[in-house]
Structures are given as C-alpha cells and as structure tokens.
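# Structural overview for review
Single-letter residue listing:
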Amino acid sequence: MDPIDCTPPEYILPGSRERPLCPLQPQNRDWKPLQCLKVLTMSGWNPPPGNRKMHGDLMYLFVITAEDRQVSITASTRGFYLNQSTAYHFNPKPASPRFLSHSLVELLNQISPTFKKNFAALQKKRVQRHPFERIATPFQVYSWTAPQAEHAMDCVRAEDAYTSRLGYEEHIPGQTRDWNEELQTTRELPRKNLPERLLRERAIFKVHSDFTAAATRGAMAVIDGNVMAINPSEETKMQMFIWNNIFFSLGFDVRDHYKDFGGDVAAYVAPTNDLNGVRTYNAVDVEGLYTLGTVVVDYRGYRVTAQSIIPGILERDQEQSVIYGSIDFGKTVVSHPRYLELLERTSRPLKILRHRVLNDRDEEVELCSSVECKGIIGNDGRHYILDLLRTFPPDLNFLPVPGEVLPEECTRAGFPRAHRHKLCCLRQELVDAFVEHRYLLFMKLAALQLMQQKASKMETPPSLENGDPPSSESKPEDPPAPEVGSEEEGSSASGLAKVKELAETIASDDGTADPRSREVIRNACKAVGSISSTAFDVRFNPDIFSPGVRFPESCQEEVRDQKQLLKDAAAFLLSCQIPGLVKDFADHAVLPMDGATLAEVMRQRGINMRYLGKVLDLVVRSPARDQLDHIYKIGIGELVTRSAKHIFKTYLQGVELSGLSAAISHFLNCFLSSYPNPVAHLPADELVSKKRNRRRRNRPPGAADNTAWAVMTPQELWKNICQEAKNYFDFSLECETVDQAVETYGLQKITLLREISLKTGIQILLKEYSFDSRHKPAFTEEDVLNIFPVVKHVNPKASDAFHFFQSGQAKVQQGFLKEGCELINEALNLFNNVYGAMHVEICACLRLLARLHYIMGDYAEALSNQQKAVLMSERVMGIEHPNTIQEYMHLALYCFASSQLSTALSLLYRARYLTLLVFGEDHPEMALLDNNIGLVLHGVMECDLSLRFLENALAVSTKYHGPKSLKVALSHHLVARVYESKAEFRSALQHEKEGYTIYKTQLGEDHEKTKESSEYLKCLTQQAVALQRTMNEIYRNGSSANIPPLKFTAPSMASVLEQLNVINGILFIPLSQKDLENLKAEVARRHQLQEASGNRDKAEEPMATEPEPAGASEDAASQPPAAKDPPSLSLQG
C-alpha cells in the first residue's frame, strides 16, 4: 500500500484550544478568473431609429475585447455583424471584416483570439463541475462568512440590477405576476390520482418558492426605502406598501390594534403565529377554503409581513368585507354558514371545538375557529380565511388569569408567569401529543372498568361477541393507541382490545352494545375530557381566556370543562413533555449539536422556546447531570444569543443606513471582544456636507437621525443580556462579561459568533479574529460584509413521495432490503418530480439509499449517492450545519470501504473541524468521530496519532455513557488493539481487561462478546510472554542471542472495516441461505398476521417483536436521526 500523508492540521488534534475560521471556506490562492472580454454592454445608440428598424436592426452592443479593441456590434434579424459606429459618431454600415455570424460567440471568436481561447477553457471547466454545484436551491441559503471578493466592473450586472430587478416591475403592465391567482389556482388543481397529485404538488411548490423569493426582495426594498408607501402621509411606522402585487406591512402596533395584548411586542409576534396558522390550514388542505400566501421577513431589526392580495380587498372597507369572525377581537362578531361548513372539516384534525360566543348586542354567534380568524369572500368568489394567529389554544403557563388556579405541577415550577404579550399559544405538536396521551388514558380507564365488571360478574357480556365493529365508521383520525408496556399483564392487553371493539361498536351506534358497556365508555369519556360521551373526542376552544370574548350562559359548563382541559394541557407540557425531552437527551436518543438543532428537537415535542430556561433548570437538577453537559452548553449558548438577538433588534432600528456596518461591528465588539472599551466610529467623519438638508425624505421606518447606538458598552450589553435571559426565559446567568460567560459555562466565542450571525442575518469577513486581545477590538466596520434577511415561510410537502419513503423504511426494517431499496428509489423520483433537484428531503433519501447500497455490498453506488447527499446538504443546509457533518462521516466510511483512505481521512478531519467550530470538543458525537479517525489511522499504522484520537474517544464515551457502558468497552478494545500493534502489551492487557470486565458484568459469562474478549486476552498474554522470553534471552546472551523476529502486524483492511461498521451502527449478521429463507418466511408470516389484526383494529401499532433484518441491523443509539429530518428518517433495525 502506498504511504499517505495522514497528519492532520494542528488545530484538529484532540486538546487543541485553537478554533480558526479561515478553513471554513478554503480558498484557492492561485486561482485567477478567466477574462474573456473587458466590457460587453448595451450601446448608447439604442434603440435603433425607425429607418434602421426597417433594415432589421434589433439592438446595438458595445464591446471592448481583452486586446483593448473597441468595437460596435449590430444585432439584426439576419445575425450579428460589426458596424462602423464609434462612441460619438453613429454609422450603422458594416465594418470590415464583413462577417455575418449567427451567434454572438462566433463573431467574438473571429475578432478576439483571447476570447476564443478563454471562452473554450471556461466552458470546459464549467462542464467538469458537478451539476449539484450549479443548480439553484429552491430557497436562498445565506452563508454567515464570506471571503474578501474583488469587486470587478461588470456592465451587464449593473444593467441587470436596475432593469429587470428593482421597482420597475410595477411600471411594466403584463409583467407583474398575480401571485394570489397563481397560489390559489395551483391549489384548485385536481388530485384524484398520483399523476394529478404530482402535478399539483409541483405547481404549488414552484409558485410558493417564487413567491417567497419575490416577497423577500420586496421586503428588503421596503426597509431600504426603495418602495413608495400607499399611505405616504402617515407616520413611517404606520405605512403600508404594495410592490409586485404583494402587500407589505411592518410589525408595529399601529392602530392600537394589539393594545390589550402587549402592543408592539404582540404586533411583532403575531405574524409568526399567523404563519403557523397558515401552515396548518394548508396542511389540512380542505377544498374550497383558501389562505393567503404569507412570508415573514426579519431584516435590519424590522419585521415585515408579505401577503398575497385578496382580489377586491383594496377597493372596499374592511367592515363590509368581513363576513365571518371579528375585526375588533370579539366585540362585533359575525358568522356565515358556508364558513362554518368549511371550517367544520378542519376541526377534527386541528382539534378545534365548534362553539358559541356573544357579540356586542348579546346575540349568540356560532364559530369554528378563534374570533380573530376573519372570513372574506374575494371578488373571485373564493372563501379566504386570514389572521390565523390564534389557531391553537392559549398557553396558560404564560397567561396569568385573575381568579384561575393552575394545577400543582405548574405552580411548583413557578407558573403562571406574565409574558410580554398575551398571544402565547401551545404548539400544534403539543396539542397532538396531549390528545394522544389522553387517548391512552381513555383506553386504560375503560379496560380497567371492564376488568372490574368481568370480575364482579365472572362472565363476559354477550353483546361483545356479536357487536362486530363496522370498519367503515371507525374513526381514521384517532391517534393510534401506543403499545401497552410490558408491565401490564396479558389480560390487560386483551382488555384494551375489547375496549377498542366496544368503543367502535358504540360509536357506530347500531344498538348492539349493552347499557353497562355504554356506561364504561361514558365514564372514561368524562374522565379524559372528551366532548362526546359515546366516543373519544378531545377538542379545544381557542377563544377561552381571550380578553374581550364572552360566552353565553347556556355554555358555562362546557366553558368550565374547556378551562380545565387547557390547565391540564399546560401541566402536561411541564410534567410529561419537558421531562421526556431531558430523558431522551440523557439516553442520547437525540443529539443536538447547535442552537438550531436544539430548537428543532424542542419544537418536535411541542415545547416553545420560551421554556428553554425551564429545560435548563431540569438539566441542572437531573441525576445524570454530567451526561447532559453538552445539552447544558448548547442551551446556555442559545439563551445568550437569543437574548442578544432581542437587544440587537431594537438596537438596529435606531441606526441609519449609512451607519449600519459601524453599528453592527460595534455591537459584535461589545458582545464578543475582550477589549474593555470599544469606541464606535460614527459615519459622519468621511464627508462634510456644505448645506445641511433640514428635511430628509424617505427615511427608513422609524429611524431617527440618532447615534444612541454608539454609546453602548460591553458592561451595559452583558447586563442587558442577563436581564433579558431572566425576564424572557426565567434563567439567571452568572456572568458580567463575555469572558466570564466563556469561563463559567465553557462556551466558545466563535460558536457564539456563528449563532448570533445566523439568527440576525449578519455576514462577516472570513479571517482570523482575535477575540481575546485586550489591546484592540476584534471587529472593524470593514469586517461586516452584509446583512441578510431571515425568512420564515410555509414549506409545501410532497405527500405521495413521503409515503413511499416511509413504506421503504418499513420494508428495510423488516429485512426486505431489495424491496425497500426499490420503494426509496421511487420516492426519490417523486421527490425530484415535485421539488426539483435540490431539497432537504431528497438529501435524506440519498443518504438512506447510500446506506442500503453499502449494506448490500455495492460500495460504488453507495459512494455515488452519498457524494450527492453531501453536495446537496452543503447547498441547502449550509456548509457547517450538523446535518452536513453527519453526511461527511457517512461518506468517509464508504470511501474507506472503497479503499480511498486519504479521502476518508480528509473527510473525517473536515467533520472534526466543523464539529469543533459548531460546538467544541466535548460532545458525544465527537467520540464516534474520533473512533472513526483512530481506526483509519490504525489501518495505515499511524499508531501514535491513532492513540491520541482513540483515547480522547474513550474519555468522551466514559463521560457521556458512563464507565460501565458497552460503548466504553468497545473503546477499550480499540485502544488495546493499537497498543498491541505497538507491542506495548502491558497497556494493551490493561485496556482489554477493563473491556472484559464491562462485558462480563453487563452481558454475562456466556455472551459471545465476553468470550471474544477473553480469547483476545489470552492471545495478548501469550504475545506478552513471548516478548518477555525474548528480552530475557537478550539479557542473558547479549548480542549473540538467537532471536526469532517479532511479528508486528498491521491490521487487515477487512478487520478495520468490520470495526468501523460496528461503531457506526451497522452489524452484518452471517446467515446461510437456508437461514435466510426461514427468516423471510417467518417475516412474511408475521406480516400477514399483522395485516389481519390491522384490519380488525386499524389503530394498533405493528408488533413489538420485530425480527432482525436479514442483511443488517442498525444500532439506533449510535446513529442519531439527522437534525432537520422528520423524526422517521434514521434507518434503524
């Protein structure tokens, strides 16, 4: 094997404190762009005069070639040719050489040798790049760092920026897109069969991503002051804008609309709540009910809501147009039968209760949504709903109501706490989890009562046998009953099955259930707060505790039950969801690596970010505190950067456009630099104006010519951050400066910089920053390159493709790898069909395909798929997103299997560098990474280097999994193997003994792992004895001793690969053909049984005892699901 250079850069080695930024985007220093032409622009002689039009002239171009030759070109209906015009003299006659060319490139090739050579080279180079490097992503991803780029002169770019882009669209009739019409028409497309659904989903996705791009551009133009307001005479905060058929409003409380809810703070949070509502109603997708295209853009400290325009809404008054809901938070309320009918269809999946409220004339009005939800019929006859900010029920933990007492779990945790606004809602995920939890309770209560009845009667009521459940009326939307734990005896399980049967019988109401059984169901329904007494049905009234909403006398009992339900939901979040999350963290079932992945994990469980302080409190009090160290660090970092973001938002609003880079660099210095007193550079020192203009036109919204931002100091900022953390998250930070924070909580400044930049849209120059210097500030205004918008929008889904993907996963988990592979390939085709080539879900699909091909032994195909997954993840997630780091690790494994050792090492080093940058050294994922690196280095006999990584992995595993864990035993074994290769048998024996002890205590004497370890110990002992004999021989006989040569064996690639598979969670089970056949038959038999039982009761989960897959079993613990994927995307056995 050829020797390869394996030495990693110094900053990647375990224990290094250095965290450089430049390697994040490696630059090729020698690279020079190929210049083909100096200038290519529209000539000043355009457009052609009438008589030249009649000669077929279309337009004139002006070119300066690389050889500095200036030429004027005519583009005519016959082709391109040179004309005799100069800069000051128009002469359209052909110049020599009189050459008429069909393409511009051909003509330029004729007149410029440099163009001919460089353009050919450029095309060749472009073809060599992977298509995924060139294809556009559906939604723009911004990088928080960028290298210093030369700003070259480019007339085409300049023209592009001002003609087809900014603000001209509204002047060109026929070129603006009617966004609303496009968004609604695509929703109306037919969806009866797969091809129709694919077409529909593709159209929805395409229009949606175009709308998001246009809305983002418009929002930036609005804040930069480049769009005229439709009410220019009003104060800047109250202005509204229309650009490119999109309506823009600012997140301020302009007409005291949110006075009772928290003013500007409520107006700032309402758009995101509204967006969540739009997302939910879009997902339910009821025919005939329409929502607006909605995008929320945060830019330069302002929040802009961009919405498509309902046809006719601008011509009429709001009072006339709203025919459902309320425009004044419940004083005047109207309803409409068609809206009730449409919303009734969404009420079951969204768990919304149809209810009655009183209007200002004390009349009862029936609603099936919150009162703020408005229904407007547009001029196009469509039924639109808007203002969906209260789609979900309020969160009582953050809404103190006089006279209402919360359950004990809440009061113990210090709730209710007054929040800044009264629009705190529970997340949809929480509502779903709560209802599922209640369903399980309902089943258990009913089963218990049935058992008691059975015990008292000692016979089954005959009605149960003949009451066959009618399958058509069974409720498909019921959450599946999670499996009963093993602590329940078999009798209880059969009891649950009976309850299921009984519940369906009663729900179908065919009179076969006897009164006693009805009583059982009625009691269970009452106990869990179901709104029906014959079937389980839990729903929420979103108007409970809304200020200003009154309920009729007749509904008082229902309102009381609803209040109790909301209190129970608030308690459920604190007593079940948060402890469950912390338990998952401690078991390493989820492994967040940065703030975004932590937020994702919390939201999947329905926990809002305002509970972050509570989550951290629980982590601190947890018995497994040390194993949660990484979560604590990420949580504190997230708390600090979110608090800083809140302060930065108001800070930026007071900054003029000309002072932006100075203000941002000053803020970053106060936030992260150890320099004690940074001074802000005011922008006015470069230019002196002769005449001060008294009245400035067209100021950005709310900006005063003030420089209040310049007086901020680090002490003041950190004091504000600690205050914000206390007020918003109810968490006390023990630090007064950034250095204290780093010291106390083990944070990294570079990680904090990344987090704050991603959250606020700052882009900084790629260079090394000396954060810790006390002599000069870390940032100058030249270091702030740009500020980007942070965009929130709806993500349309490809539902059919996703179903294929899930069936593929299920097949794989049952051991049918081939069939699974086919299904996932099909899913990939459908995803490509809907999303185009680039999307997060396609990335997950490619990763799974690569894994399957690898398991089935097709390494080349695995490598090809995984390479695509890596490229795609870099483009759609970001080059240092935790998901991308995962992809690098998979790719490294497949490279190693394909004998590309140096590539595998480079990829692992890259993954380690990114992990250090994003989090730091002390993360459970680092143990896996270091084991991988150590094994590959051992494979090429770099033993000393290998030991540095493996011993670090051992230390990290011991900390996070406990010294008695099987992962630690494996780590000891890996270290022992390297010591054996170095012939240091004493150390090897010591480590292997540790491993053996763990195996013996955890798995017992007879387990194959324990036996393997004991065999290996014997082998090591023999080698150690042989070595000792040889040494004694040398001592006795000196140099004349007859010594058999010592065998130092490099491990075989196969054995290294086997170990790599084990640590990455892929176990191959050796099976003979006969075993395989038997296993498949067994799986098929179980599958049939499962289907039969599935038909009998649809909502039961698959069997708990699934066979091991024939080809591979995956150790789920060592393979965390990718952070951004849906929870089902890790391939587990």
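This text gives an overview of the structure that appears in the document. In this convention, every chain numbers its residues from 1, walking through the sequence in written order. Residue-level local features of this predicted model are given only where pLDDT is at least 70; pairs of side-chain atoms are given and counted only at 80 or more, and the full residue set underlies all totals for whole chains, interfaces and linings. The side-chain quantities take in all heavy atoms of the structure and omit both hydrogens and water.

## Some words on unusual backbone geometry
- Along the chain, asparagine 46 connects to proline 47 via a cis peptide bond; the corresponding omega equals -15°.
- Of note in this structure, aspartate 256 is not a glycine but carries a positive phi near 50°.
- Strands here mean DSSP runs of E at least two residues long; helices mean DSSP runs of H or I at least four residues long; both are numbered from the N terminus. Position of aspartate 256 relative to the elements: it lies in the loop between strand 7 (246–250) and helix 8 (263–284).
- With a phi close to 55°, aspartate 730 is a non-glycine residue in the positive phi region.
- Along the chain, the position of aspartate 730 falls in the loop between helix 21 (714–729) and helix 22 (738–745).
- A relative accessible area of 19% means that aspartate 730 is categorised as buried. Each residue's exposure class comes from its accessible area (1.4 Å probe, protein chains only) as a fraction of the maximum for that residue type: buried when under 20%, exposed when over 50%, partly exposed otherwise.

## Observations regarding the packing of aromatic side chains
- Working definition: a ring pair exists when centres of Phe, Tyr or Trp rings (six-membered ring for Trp) sit within 6.5 Å. Plane angles under 30 degrees give stacked, over 60 give edge-to-face, the rest tilted. This model, assessed by the stated rule, comprises 35 aromatic pairs.
- Geometrically, the ring pair formed by phenylalanine 115 and phenylalanine 119 is stacked, given 5.1 Å between the ring centres and 10° between the ring planes. Of the two residues, phenylalanine 115 and phenylalanine 119 are both situated in helix 3 (residues 113–128); the distance of 4 residues between them amounts to about one turn of the helix.
- Residue phenylalanine 119 is classed as partly exposed on the basis of its relative accessible area, which comes to 23%.
- Ring geometry for phenylalanine 802 versus phenylalanine 805: centroids 6.4 Å apart, planes at 20°, classification stacked. Placement of both phenylalanine 802 and phenylalanine 805 in helix 24 (residues 799–813) is noted, with a separation of 3 residues, approximately one turn of the helix.
- A cation over a ring is seen here: lysine 237 above phenylalanine 252, with NZ or CZ 4.7 Å from the ring centre.
- Counted as over-ring charges are cases with an Arg CZ or a Lys NZ within 6 Å of the ring centre that also lie within 35 degrees of the ring normal. Geometry around tyrosine 268 places arginine 303 over its ring, the cationic atom sitting 4.0 Å from the centre.

## Concerning the packing of helix 32 (residues 966–981) against helix 34 (residues 1008–1037)
- Under this scheme, a helix contributes an axis fitted over its contacting stretch, all axes are lines through C-alpha atoms, and angles between N-to-C directions fall in the 0 to 180 degree range. In contact at an axis separation of 12 Å, helix 32 and helix 34 are set at 20° when each is read in the N-to-C sense. Between helix 32 and helix 34, the angle falls in the class roughly parallel. When you trace helix 32 past helix 34, the crossing you get is left-handed. Two secondary-structure elements touch here, helix 32 through His973, Ala976, Arg977 and Glu980 and helix 34 through Tyr1016, Leu1020 and Gln1023.
- In terms of residue class, the contact of helix 32 with helix 34 is built from 3 nonpolar, 2 polar and 2 charged. Under this scheme an angle from 65 to 115 degrees is roughly perpendicular, one under 35 degrees roughly parallel, and one over 145 degrees roughly antiparallel; angles in between are oblique. In this scheme the handedness of a crossing depends on how the near helix is turned from the far one: anticlockwise by less than a right angle means left-handed, clockwise means right-handed. Any two residues having at least one pair of non-hydrogen atoms within 4.5 Å are treated as being in contact. Only Asp, Glu, Lys and Arg are considered charged in this grouping, and only Ala, Val, Leu, Ile, Met, Phe, Trp, Tyr, Cys and Pro are considered nonpolar; every other residue, Gly among them, is considered polar.

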